[in-house]
Amino acid sequence: FNKTIEMVSIMDTLVENVITCGVCLKHFDEPRMLSCSHTFCLLCIQQMALENNGRMQCPKNDGTTVEQNEINGLPMNEDLRKLVQDIGKFRVLFNS
């Protein structure tokens, strides 16, 4: 029984790492994918650009930059958006 609880705890931690934005440290909201394949919340990307003269630099320091006028055109990470949604629904059901 203890091993099962430990496994569930580890899985929960792994899932949280996948669905959490590395900038705001909250569950992704409107996750947008950069050309480097890193994903951040749309508002986080917009805020980073505002704080850097209209140019967002990927926080993973891989050299990727996005200009302010390109941000809204970044593709939605639909798989991640759906995962965040589904996990939220599951947790609501599980905790009821």
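As a starting point, this report considers the structure included with it. Computed from a predicted model, the values in this text were never measured in an experiment. (Residues numbered from 1 in each chain as written. Predicted model: local features only at pLDDT ≥ 70, side-chain atom pairs only at ≥ 80, totals over all residues. Heavy atoms only, no water.)

1. Comments concerning the overall build of the protein
At step 1: Secondary structure assignment for the protein yields 3 helices and 4 strands.
At step 2: For the protein, the sequential pattern of α-helices and β-strands runs α-β-β-α-β-β-α.
At step 3: A compact globule built from 96 residues should have a C-alpha radius of gyration of about 12 Å, whereas the protein, at 16 Å, is more than 25% larger.
At step 4: With respect to the principal axes defined by its C-alpha atoms, the protein has extents near 55 × 25 × 20 Å.
At step 5: Considering the protein as a whole, with its 96 residues, one finds that 26% of them fall into the buried category.
At step 6: Of all intrachain contacts in the protein linking residues separated by at least 6 positions in sequence, the fraction that spans at least 24 positions is 41%.
At step 7: Here the protein has roughly 6900 Å² of accessible surface; of this, 56% comes from carbon and sulfur atoms.
At step 8: Mean positive and mean negative side-chain charge positions of the protein (9 and 12 charges, respectively) differ by 4 Å. (Helix = DSSP H or I, 4+ residues; strand = E, 2+ residues; numbered from the N terminus. Rg over C-alpha atoms; globule rule 2.2 N^0.38 Å. Buried < 20%, exposed > 50% of the residue type's maximum accessible area, 1.4 Å probe, protein only. Contact = heavy atoms within 4.5 Å. Areas by Shrake-Rupley, 256 points an atom, 1.4 Å probe, with all protein chains shown as cover. Lys, Arg positive; Asp, Glu negative; His and termini not counted. Charge placed at Lys NZ, Arg CZ, Asp CG, Glu CD.)

2. Describing the layout of surface pockets
At step 1: One number sums up the size of the largest pocket: a volume of about 190 Å³.
At step 2: If you trace the largest pocket, you find it lined by Val-8, Met-11, Asp-12, Val-15, Ile-87, Phe-90, Arg-91, Phe-94 and Asn-95.
At step 3: Mapped onto the lining of the largest pocket, the elements with two or more residues apiece are α1 (2-19) and α3 (78-95).
At step 4: Considering each element in turn, the lining of the largest pocket owes the most residues, 5 residues, to α3. (1 Å grid on protein atoms, 1.4 Å probe; cavity = no way out; pocket = protein on both sides within 12 Å on 5 of 7 lines; lining within 4 Å. Points joined across faces, edges and corners; volume = space filled by probe spheres on them.)

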